[in-house]
Amino acid sequence: MICCRGRLESIDADRRATAALLDRSAETDETIVRVWTPARQLAFGRRDAQRDGYEEARTIAKSHGYLPIERSVGGRAVAYTGSVVAFAHVQPIEDIRRGMDDRYDAAVETVIAALERTGASVRSGEPDRSYCPGAHSIQGTGSVGKIAGIAQRVTAGAALVSGCVTVSAVDQESIADVLSPVYRALSVPFAPASVGSVEAAGGTDDPETVIRAIEQELAGTDPEIVDIAAVISET
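Figured I'd write up the structure that's included with this text. (Residues numbered from 1 in each chain as written. Predicted model: local features only at pLDDT ≥ 70, side-chain atom pairs only at ≥ 80, totals over all residues. Heavy atoms only, no water.)

This paragraph deals with the sheet that holds strand 5 (residues 78–80). Strand order in the open sheet made by the three strands is 4-3-5, with mixed pairing throughout. Each having just a single partner strand, strand 4 (67–70) and strand 5 make up the two edges of the open sheet. Taken pair by pair, the neighbouring strands of this sheet meet at an average axis angle of 25°, ignoring direction. Of the strands in this sheet, strand 3 (41–44) and strand 4 are in contact with helix 2 (residues 54–63), which crosses strand 4 at around 140°. (Pairing = 2+ DSSP bridges. Helix = DSSP H or I, 4+ residues; strand = E, 2+ residues; numbered from the N terminus. Axes fitted to C-alpha atoms, helices over the stretch in contact; angles between N-to-C directions. Contact = heavy atoms within 4.5 Å.)

Structure follows, in C-alpha cells:
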C-alpha cells in the first residue's frame, strides 16, 4: 500500500498526478491512496458546460474568488475552498465491467468510519436538492446536510474512487454562498441548507485531522509514504 503526501503547485499538476497514479497502479498492481486539500476552485461537470447559463456561472465563481475549471466527468458543480479535503483511492483491476458497486459501497463505509473517528455523527445519503447529487454521498445525522460525495473512474487496469469532504462550518457557508447563484444560473435545483460539514455533524473543524483519519482507514497504519511530486516526475 502506497500513501502519497504533499501538495502540488497548481490545479493542472493535481490533474496530472491523478492520471499518473492511475497509470502506476495499472502497471505495478499497487494500491495507492492520496488525501489532500486542493487549491481553491469551482469544478464544473460536463453537463454544466452545456447549459445556457454556463458562462454566467463561471463569472459568478470568479466573483466569489473561485477559479472555474471543467472536469471531464459527469456530475454537477463542486466548490473547493482550499481547505476542503479530497481523496483518491486507486486500485488495480482486471475487468472494468466488474466491481464498481462494491468499490462504491466500500468507499462510503470507509469515509463514514473515518469521519466517525473525528467525532462526527454521519450516515449514507444526502438531502434533497444537494450540490452534485449522487447515490453515493454522506450526510450528517439529523438536519445536517451533505458532507461528502464520492465518484468513480475506471480505466484499463485501474479504478479511481475519489471524493471530497467539507470539514469546517466556515467552508460550509462559503460553499453554499457560491453554489446558490451558480446553480441558479445553470437552472439546476439547489438548496443552500443542503450543504453540511464535519464540524456541523459534531466532528473536527481541522482538515489535517480529517486527512489523517481518511488515510488511516484507506491505507492502514503502516503504508509506504511517497512524495506526490516524485510520482509525477517519474512519468
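Further notes follow.
What follows deals with the layout of surface pockets. In this structure, the largest pocket spans a volume of roughly 1000 Å³. The set of elements that each furnish at least two residues to the lining of the largest pocket consists of helix 1 (11–28), strand 3, strand 5, strand 6 (85–92), strand 9 (146–155) and strand 10 (158–165). Of all the elements, strand 9 adds the most residues to the lining of the largest pocket, at six residues. Partitioning the lining of the largest pocket into residue classes produces 21 nonpolar, twelve polar and five charged. (1 Å grid on protein atoms, 1.4 Å probe; cavity = no way out; pocket = protein on both sides within 12 Å on 5 of 7 lines; lining within 4 Å. Points joined across faces, edges and corners; volume = space filled by probe spheres on them. Nonpolar A, V, L, I, M, F, W, Y, C, P; charged D, E, K, R; others polar.)

Right, let's talk about the state of the cysteines for a bit. For the structure shown, the criterion picks out zero disulfides. Cysteine Cys4 shares no disulfide, and the gap to the nearest cysteine sulfur, in Cys3, comes to 7.0 Å. Cysteine Cys164 shares no disulfide, and the gap to the nearest cysteine sulfur, in Cys132, comes to 7.4 Å. Of the residues examined, Cys164 reaches a relative accessible area of 9% and is grouped as buried. (Disulfide = S-S within 2.5 Å. Buried < 20%, exposed > 50% of the residue type's maximum accessible area, 1.4 Å probe, protein only.)

Taken together, Asp101, Asp102, Asp105 and Glu109 make up a surface patch of like negative charges. One can find Asp101 in helix 3 (residues 100–117). What makes Asp101 exposed here is its relative accessible area of 54%. (Patch = residues over 30% accessible without salt bridge, like charges linked within 9 Å, V, L, I, M, F, W, Y side chains within 5 Å. Areas by Shrake-Rupley, 256 points an atom, 1.4 Å probe, with all protein chains shown as cover. Salt bridge = Lys/Arg side-chain N within 4 Å of Asp/Glu carboxyl O. Lys, Arg positive; Asp, Glu negative; His and termini not counted. Charge placed at Lys NZ, Arg CZ, Asp CG, Glu CD.)

So, on to the sheet that holds strand 11 (residues 224–227). Pairing is mixed across the open sheet formed by eight strands, whose spatial order is 7-8-9-10-6-2-1-11. On the outer flanks of this sheet lie strand 7 (122–124) and strand 11, each paired with one strand and no other. Averaged over neighbouring strand pairs, the angle between their axes works out to 20° when direction is ignored. Sheet strands touched by helix 1: strand 1 (2–5), strand 2 (32–36), strand 6, strand 9 and strand 10. Its angle to strand 2, the strand with the most contacts, is close to 165°.

End to end, helix 1 covers 26 Å across 18 residues, agreeing with the expected 26 Å (1.5 Å per residue, within 8%). For helix 1, the set of buried residues is Ile11, Ala13, Asp14, Ala17, Thr18, Ala20, Leu21, Leu22, Arg24 and Ser25. Among the residues trailing helix 1, Asp29 stands out with phi positive, at a value near 65°. (Expected span 1.5 Å × (residues − 1).)

Another aspect to go through is the environment of Ala219. Its place among the elements puts Ala219 in helix 5 (residues 207–219). The class of Ala219 is buried, set by a relative accessible area of 10%. Sequence separation of Ala219 and Ala135 is 84 residues, and the distance between their C-alpha atoms is 24 Å. Discounting residues that sit within four places of it in the chain, Ala219 has contacts with Met1 and Val33.

Moving on to the packing of helix 3 against helix 5. Look at helix 3 against helix 5: their axes get within 8 Å of each other, and the N-to-C directions meet at 135°. Between helix 3 and helix 5, the crossing angle belongs to the class labelled oblique. Pair helix 3 / helix 5 crosses with right-handed handedness. Between helix 3, through Thr110, Ala113, Ala114, Leu115 and Arg117, and helix 5, the contact on the second element is made entirely by Val210, Ala213, Ile214, Gln216, Glu217 and Leu218. Looking at the contact of helix 3 with helix 5 residue by residue, the classes come out as seven nonpolar, two polar and two charged. (Parallel < 35°, antiparallel > 145°, perpendicular 65-115°, else oblique. Left-handed = near helix turned anticlockwise from the far one by under 90°.)

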